[in-house]
Amino acid sequence: MTQGAALSPGARESALQAMEATELDVLVVGGGVVGTGTALDAVTRGLTVGLLEQRDFASGTSSRSSKLIHGGLRYLEMLDFALVREALQERGLLLTRLAPHLVRPVSFLYPLTRRGWERPYVGAGMALYDAMARAGKYDVGLPRHRHLFRRQVKRIAPDFKSDVLTGAIQFYDAQVDDARLVMTIARTAVSHGALCATRTKVTGFLREGERVTGVRALDLESGREFEVRARVVVNAAGVWTDEIQAMVGGRGALHVQASKGIHLVVPRDRIRSESGIVLRTETSVLFVIPWGRHWIIGTTDTAWNLDKAHPAASRADIEYLLNQVNKVLKEPLRLDDVEGVYAGLRPLLSGESEPTSRISREHTVVTPVPGLVIIAGGKLTTYRVMGKDAVDAAAHSLGGGALGGGVPRSITERVRLIGADGYETRSNQRAALSRSSGVHLARIDHLLHRYGGLVDELLALIAARPELGRPLDGAEDYLAVEVVYAVSHEGARHLDDVLARRTRISIETFDRGVSAARPAAELMAGELGWDEERLADEVDHYLRRVEAERQSQLALTDREADEARVKARDIV
Ligand SMILES: Cc1cc2nc3c(=O)[nH]c(=O)nc-3n(C[C@H](O)[C@H](O)[C@H](O)COP(=O)(O)OP(=O)(O)OC[C@H]3O[C@@H](n4cnc5c(N)ncnc54)[C@H](O)[C@@H]3O)c2cc1C
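For clarity, every value in this text was computed on a predicted model and none was experimentally measured. (Residues numbered from 1 in each chain as written. Predicted model: local features only at pLDDT ≥ 70, side-chain atom pairs only at ≥ 80, totals over all residues. Heavy atoms only, no water.)

The local shell around the ligand holds 38 residues, among which Glu53, Thr61, Ser62, Leu68 and Thr381 are the closest. In this structure, an oxygen atom belonging to the ligand sits 3.0 Å away from a main-chain N or O atom of Thr61. With the chains in place, 96% of the 1,000 Å² that the ligand exposes on its own is no longer accessible. At the level of secondary structure, the elements contributing two or more residues to the shell around the ligand comprise α2 (33-44), β8 (200-208), β11 (256-267) and β16 (340-349). Top element by residues in the shell around the ligand is β16. It accounts for four residues. Of the residues assigned to the shell around the ligand, the class counts are 13 nonpolar, 19 polar and six charged. (Near = heavy atom within 4 Å. Polar contact = N/O pair within 3.5 Å; in protein donor to acceptor, adjacent residues only side chain to side chain. Areas by Shrake-Rupley, 256 points an atom, 1.4 Å probe, with all protein chains shown as cover. Helix = DSSP H or I, 4+ residues; strand = E, 2+ residues; numbered from the N terminus. Nonpolar A, V, L, I, M, F, W, Y, C, P; charged D, E, K, R; others polar.)

Here the focus is a nonpolar patch on the surface. Together, Leu79, Phe81 and Leu128 line one region of the surface with nonpolar side chains, adding up to about 270 Å² of accessible area. You can see Leu79 is positioned in the loop between α3 (73-77) and α4 (81-98). Overall, the relative accessible area of 60% leaves Leu79 in the exposed class. (Patch = residues over 30% accessible without salt bridge, like charges linked within 9 Å, V, L, I, M, F, W, Y side chains within 5 Å. Salt bridge = Lys/Arg side-chain N within 4 Å of Asp/Glu carboxyl O. Buried < 20%, exposed > 50% of the residue type's maximum accessible area, 1.4 Å probe, protein only.)

Once that is clear, we can look at the packing of aromatic side chains. Aromatic ring pairs: the centre-centre distance and the angle between the two ring planes describe each pair. This structure, assessed with the given rule, holds five aromatic pairs. Ring centres of Tyr451 and Tyr485 lie 5.5 Å apart, and the angle between their planes is 90°; on these two criteria the pair is classed as edge-to-face. Within this pair, whereas Tyr451 is found in helix α13 (residues 441-451), its partner Tyr485 is found in helix α15 (residues 480-489), the two being separated by 34 residues in sequence. Tyr485 shares its class with Tyr451; the two are buried. The positively charged end of Lys67 is found above the aromatic ring belonging to Trp291, 6.0 Å away from the centroid. The positively charged end of Arg268 is found above the aromatic ring belonging to Trp295, 4.8 Å away from the centroid. (Phe/Tyr/Trp six-rings, centres within 6.5 Å; stacked < 30°, edge-to-face > 60°. Lys NZ or Arg CZ within 6 Å of the ring centre and 35° of its normal.)

Of note, His449 is situated in helix α13. Relative accessible area serves as the criterion here: at 29%, His449 is assigned to the partly exposed category. Counting along the chain gives 326 residues from His449 to Gly123, while the straight-line C-alpha distance between them is 32 Å. The residues contacting His449, other than those within four sequence positions of it, are His101, Leu102, Arg104 and Tyr423. Among the polar contacts listed, one links the side chain of His449 to the side chain of Arg104, at a separation of 3.0 Å. (Contact = heavy atoms within 4.5 Å.)

Take helix α7 (residues 178-191) next. In an α-helix, one turn spans 3.6 residues; hence positions three or four apart end up facing the same way. A rise of 1.5 Å per residue sets the reference length of α7, with its 14 residues, at 20 Å; its end C-alpha atoms lie 20 Å apart and thus fit the reference within 8%. Along α7, 13 of the 14 residues are buried, which leaves the element largely enclosed by surrounding structure. Positive phi appears at Gly193, one or two residues downstream of α7, with a value of about 115°. (Expected span 1.5 Å × (residues − 1).)

Take unusual backbone geometry next. Following Gly298, the chain continues to Thr299 via a peptide bond in cis, the omega torsion being 5°. Residue position: Thr299 is located in the loop between β14 (294-298) and β15 (302-303). Of note in this structure, Leu79 is not a glycine but carries a positive phi near 60°. At Arg512, a position not held by glycine, the phi torsion is positive, near 60°. Along the chain, Arg512 turns up in the loop between α17 (505-508) and α18 (514-528).

What follows is the structure, given as structure tokens:
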């Protein structure tokens, strides 16, 4: 299926030119899940929209989450019912309507270790969780929880220590490749007419009196400075919110505190279990989440005041997670079982002096000066509601104006992300697709889960250039065509974009993508017209990044880890 515009290499230049040439209704700062969700909400209401992202889509927090689309059992225990209900509604909407190709069910075991009160207490919480999901206006798309005895747990999860268990409760949530979700939201927004440009940093605001009338920006690829005029600027800069507020001057209306959370990726065969697992720790919750041929284990929750673009996982963080998970594994995981490590920063609205894991994940929208809306907080799961709330706030400033008669209501609950259309049909046709393309059935499934109905576009590329149907050297879970498509349709401009976000090779291979770097760069070079020098530079930058991350993960403290990580500079 062809479903609208691509984020092609030329699309960025055209978007920048168009943004400069007109006054937009809305300009969004930040290409994470909140910024792209805001752009999609605004453009589908009939507004003219631009979005500027200083690095790559999802290069901030939105590619470094636990990748769960969930209500959050923890918030239920904190009695944050409104937050849980809203997130569960969004979960159902994403699973069954907006992005069924990207969002998938995932089951978890919640182990029970005490006799007596624990089973009824946790069971009541799970029943409430299921009931809240069913009370929403959208389909749930997931089975109800069920109670398990110890011997059932042993069968489902033979590698978890069962001697300390009295049983478990199995419940369902959903998961998504966060970076692909964000890029897909951006592509959907572009397909409806939004203008999006990455590697463009907002450096200041245009003002008329008190009012914000646009931004000054720097194209990091060319070094060119320019201005974009907009009737409203929406700031969706996550943990960078305070810096953006400082550009406006005055006292900030919101304070966003960064809390670091790290994850480990280990091979799936290191832990035999048909289900993920959720454990309580002294300070937080530990997730062991199935992720293709891997497990993702996370997370930590500690304040972070160092480099925001490259939060670093220290040895202490890694050892903490290994210690936690090893408490429940029959055969402990070792450091050399770890394939990948990633660290992200939660954008928490800072309360008084609460420790970071107690601060609510709910979001807030403020309008500190006319023409500027700031949105922050929240979570991946509720991005659509955040986008809607930001545009509702922007609509106040927009009034009747050019639209005459006010801004229409949000319609994103009915706007399917690209790739959703045709996904079911193509899934039913998977065997025929495999036969006609010569691509193995397992590979077709892999493509369907990442591209949905857009699988046709990748198969057309393979038909034209059969060599693209081969596995990518150094990262055989992916096909060469995915690298080419990342550049031609998904806005990837640098090797890092492809290895860290369009694919997840940088966290899914023991060598962190080192041996795939050159083959991937060669495929990109053909699309982007790189010469040998440029290609070598891209590979060199990527290898330096991997080495700096490895060094940071040997450091004991955050400060030492940060010093090691910042040695590798971004390519632009
Ligand atoms: C460890 C961890 C686990 C999590 N797990 C989950 C989970 O399982 N489920 C869930 O629902 N949520 C989860 N979250 C929360 C979720 O990931 C975040 O709330 C969400 O990704 C934040 O998105 P954002 O768009 O606000 O921020 P970001 O993704 O950081 O986006 C902000 C963007 O603004 C850009 N920017 C900043 N300044 C400028 C400028 N001057 N000019 C241009 N661009 C600029 C940045 O480059 C960045 O890309 C988790 C978070 C963490 C850290």
